Amino acid sequence: MPPSTFDYERFLKTVTAKPGVYQMLDAGGAVLYVGKAKNLKNRLGSYFRGGPLNGKTMAMVGRIGSVQVTVTNTESEALLLEQNLIKQYRPPYNILLRDDKSYPYIYLSTDQAYPQLSFHRGAKKGKGRYFGPYPSAGAVRESLNFLQKVFKVRQCDDSFFRNRSRPCLQFQINRCTAPCVNAITPEEYAQDVRFTEMFLSGHSAEVVSELANAMDVAASTLDFERAAILRDRIQQLQQIQARQYIEGEIGNLDIAVCAIHASIACVQLLYVRDGRILGSRSYFPTLHLDETEADVLDQFIAQHYLSGLGAHDIPAEILINAELDDQPALEEAIAIARGRKMQITQRVRGNRAKWLELAITTAQQNLATRIANRQTQSQRFDALQEALGLDEIPQRLECFDISHSSGEAAVASCVVFDGSGPLKSDYRKFNIQGITPGDDYAAMQQALSRRYARLKRGEGKMPDILFIDGGKGQVAQAMAVLEELQIDEVLVIGIAKGADRKPGLETLIRPHPRHVQKNGEATTDNSIENSAEELMLPRDSAALHLIQHIRDEAHRFAVAGHTARRDKKRREST
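Residues numbered from 1 in each chain as written. Predicted model: local features only at pLDDT ≥ 70, side-chain atom pairs only at ≥ 80, totals over all residues. Heavy atoms only, no water.

When you look at the overall build of the chain in this model, what are you seeing that I'm missing?
Within the chain one finds 17 helices and 21 strands. A burial count over the chain gives 46% of its 574 residues as buried. Counting only contacts in the chain whose residues sit at least 6 apart along the sequence, the fraction spanning at least 24 positions is 63%. Counting only carbon and sulfur atoms, one obtains 47% of the accessible surface of the chain, whose full area is about 29,200 Å². (Helix = DSSP H or I, 4+ residues; strand = E, 2+ residues; numbered from the N terminus. Buried < 20%, exposed > 50% of the residue type's maximum accessible area, 1.4 Å probe, protein only. Contact = heavy atoms within 4.5 Å. Areas by Shrake-Rupley, 256 points an atom, 1.4 Å probe, with all protein chains shown as cover.)

The structure is reproduced here in structure tokens:
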């Protein structure tokens, strides 16, 4: 049904048929959805003129208060503008690529007599060459390890390099030529650097050819020791080529495939550079409008290549497993961002078809694993409801823990779980101050007061259950704080470790309701000793496993915060 607050008929009479971008806003002016269209009039009309819409789309249309339109000259311009607006507003009904981590690179410095090879992530400010992007830090470290064995270019920090008076262990195990103590001439080191650059640029065949010629020259001049070294390098390069190349394939390309099941999507990205498979990366974008594989890939490719990568990081070709409606516009926009031609391909044969099939299989496997994990998490929440005798399945859990070293630099952690598991965006740390060192009760009271005073003001969501890593004393502090703030909808559960502190022997401390009946009158009983129920769950209980998980996560987060605070304090001058 069209929204009653939005006069769509009058609006559609004024809409142009040119390409452009539209923003759907709610009654408060917040952006609900951003879309592009080759023909704005036709596209927007499909939302309001009784077309076949699914339930989620109808729900979104029912919230529309107004629509803003921006006309562009071409469809590719509309695509670029759409991605900028999605990145700016993060609309709730758009498919969003929720992965803001920068990609890792291999960095080769060029402003030194003896250049350094290193792992790099972040802004590219240093003078030198950046090779990548790589799908993961592990892929970078694997490549660096191989380069260290073959070409022996130094990978130590500059400060370490400048202050050496004798070779380090890397020289002794034959992984460095010790330029720090001039054990190699600048000319010989420059040759190793040149070979490293060629290999990382995809010209390993030329490297092998040059090394083979150099080996022949060394052998002809009876320098058999150097000829043996060159022979070993050639063999190492040929081994890595045999592992990473597919016969007859060269060039740079990405394989992007999508699999959807049970309203969960997985996009698998396989990276191929100069014929070598560098690795793969999985993304799980959230679906809102019953999108198809083509819809997800369309949005993913646009966001990934138009917003997340530099021109040098975009490959010449992208293989996909679904036909896109606006593929020509997408190719044109990415080609503009890349600065040269690129293509998106769906139908391939031979070895490329094998690559595509490999990516699809990987996506399906990762999707099945994620669904299984979600089902396991759902079963744990169901078991928690049954174990605690709750009327409804809890939707949001919080757990607090305290960490300090003999009272020094105390930090309290608050971790949050929902039906999908840890909700790390809602984690919080509290630096504890103004208490007697080592007073865990006062630390817990301070952290809970700060946290729940904010929630009481509406600065977050109240949990259904508050877990406290501790016994009756800590639970009493939690009950007192909630009583002071007049919060009575949160269930408090203490997690007391067993006598041997072994997993599976935890005792759950559940206070009875604060208001109890005595002599027919309602009174308040805050004595935990008198009004707490103690419960031990079986070791194989799914509910206990969930409680252990959130308790351990709270402990890890508290220890990490305490360690960082303590180390920072000890580095400060008195």
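So what exactly am I meant to see when it comes to the pairing of strand S17 (residues 491-496) here?
Along any regular strand the residues' side chains alternate between the sheet's two faces. Within S17, six of the six residues are buried, which leaves it mostly tucked inside the rest of the structure. By the alternation rule, side chains of S17 split into Leu-491, Ile-493 and Ile-495 and Val-492, Gly-494 and Ala-496, which are all buried. The parallel pair strand S16 (residues 465-468) and S17 is bridged by helix H15 (residues 472-484), and the resulting crossover is right-handed. By the bridge criterion, three bridges tie S17 to strand S18 (residues 507-511) in an arrangement that is antiparallel. Residue pairing for S18: Ile-495 is matched across the bridge by Leu-508. (Right-handed = clockwise from strand over helix to strand, strands pointing away. Pairing = 2+ DSSP bridges.)

Even after reading the chapter, I still don't get the side chain of Thr-196, so can you show me in this structure?
With respect to the secondary-structure elements, Thr-196 resides in helix H8 (residues 186-200). Judged by relative accessible area, which is 1%, Thr-196 ranks as buried. Within polar-contact distance, the side chain of Thr-196 engages the backbone oxygen of Asp-192 at 2.9 Å. Apart from the residues within four sequence positions on either side, Thr-196 is in contact with Leu-117, Leu-147, Phe-151 and Val-153. (Polar contact = N/O pair within 3.5 Å; in protein donor to acceptor, adjacent residues only side chain to side chain.)

For this particular structure, what's the right way to read the environment of Ala-27?
Positionally, Ala-27 belongs in the loop between strand S1 (20-25) and strand S2 (31-37). For Ala-27, a relative accessible area of 78% gives the class exposed. As a C-alpha pair, Ala-27 and Ile-64 span 37 residues in sequence and 6.7 Å in three-dimensional space. Setting aside residues no more than four positions away along its own chain, Ala-27 makes contact with Arg-63 and Gly-65.

Explanation requested: the layout of surface pockets in the structure shown.
The calculated volume of the second largest pocket comes to roughly 720 Å³. As for the second largest pocket, its lining consists of 31 residues, of which Tyr-33, Arg-43, Tyr-47, Asp-295 and Asp-298 are closest to the centre. Of all elements in the fold, only S2, helix H2 (40-48), helix H3 (55-61), helix H4 (75-89) and helix H11 (293-307) reach the threshold of two or more residues within the lining of the second largest pocket. Taken together, the residues of the lining of the second largest pocket sort by class into twelve nonpolar, seven polar and twelve charged. (1 Å grid on protein atoms, 1.4 Å probe; cavity = no way out; pocket = protein on both sides within 12 Å on 5 of 7 lines; lining within 4 Å. Points joined across faces, edges and corners; volume = space filled by probe spheres on them. Nonpolar A, V, L, I, M, F, W, Y, C, P; charged D, E, K, R; others polar.)

Sorry, what's going on with H11 here?
Quick reminder: α-helices carry 3.6 residues per turn. Residues three or four places apart thus point the same way. Helix length check: H11 (15 residues) gives 21 Å between terminal C-alpha atoms against 21 Å at 1.5 Å per residue, within 8%. By the burial criterion, the buried members of H11 are Ala-294, Val-296, Leu-297, Asp-298, Gln-299, Phe-300, Ile-301, Ala-302, Gln-303, His-304, Tyr-305 and Leu-306. (Expected span 1.5 Å × (residues − 1).)

Is there a simple way to think about the sheet that holds S1 in this case?
As summarised here, the arrangement of the three strands in space is S2-S1-S3, forming an open sheet in which the pairing is antiparallel. Strands at the two margins of the open sheet, each flanked by one partner only, are S2 and strand S3 (66-71). Each strand of the sheet is rotated relative to its neighbour by a mean of 15°, with strand direction disregarded. (Axes fitted to C-alpha atoms, helices over the stretch in contact; angles between N-to-C directions.)

Hey, could you run me through the packing of aromatic side chains in this one?
Evaluated as defined, the whole model comprises 14 aromatic pairs. On the basis of an interplanar angle of 55° and a centroid distance of 6.4 Å, the ring pair of Phe-151 and Phe-199 is categorised as tilted. With Phe-151 in the loop between helix H5 (137-150) and helix H6 (158-162) and Phe-199 in helix H8, the pair connects residues that are 48 residues apart, well separated along the chain. Judged by its relative accessible area of 0%, Phe-151 is buried. The ring centre of Phe-119 lies 5.0 Å from the NZ or CZ of Arg-141, which sits over that ring. The ring of Phe-161 carries Arg-154 above its face, with NZ or CZ at 4.1 Å from the centroid. (Phe/Tyr/Trp six-rings, centres within 6.5 Å; stacked < 30°, edge-to-face > 60°. Lys NZ or Arg CZ within 6 Å of the ring centre and 35° of its normal.)

Honestly, the pattern of salt bridges in this entry has me stumped. Any pointers?
Two side chains bearing opposite charge may form a pair once their charged atoms approach each other closely. Enumeration over the complete set of coordinates arrives at 16 salt bridges. The closest approach of N and O atoms between Lys-36 and Glu-82, which form a salt bridge, is 3.7 Å. Taken together, the residues span a long stretch of sequence, with Lys-36 in strand S2 and Glu-82 in helix H4 at a distance of 46 residues. Each of the two residues, Lys-36 as well as Glu-82, counts as buried. Close ionic contact of Lys-36 with Asp-326 constitutes a salt bridge, the shortest N to O distance being 2.7 Å. (Salt bridge = Lys/Arg side-chain N within 4 Å of Asp/Glu carboxyl O.)

Even after reading the chapter, I still don't get the packing of helix H13 (residues 350-388) against helix H17 (residues 542-571), so can you show me in this structure?
The description of two helices packed together rests on the angle between their axes and the distance between the axes. Two numbers describe how H13 lies on H17: the axes approach to 7 Å, and their chain directions differ by 105°. The angle between the axes of H13 and H17 places the two elements in the roughly perpendicular class. On the side of H13, the interface is formed by Gln-377, Arg-380, Phe-381, Ala-383, Leu-384 and Ala-387, while H17 contributes Ala-542, Ala-543, His-545, Leu-546, Ile-547 and His-549. (Parallel < 35°, antiparallel > 145°, perpendicular 65-115°, else oblique.)

Taken by themselves, the reported measurements are silent on function.
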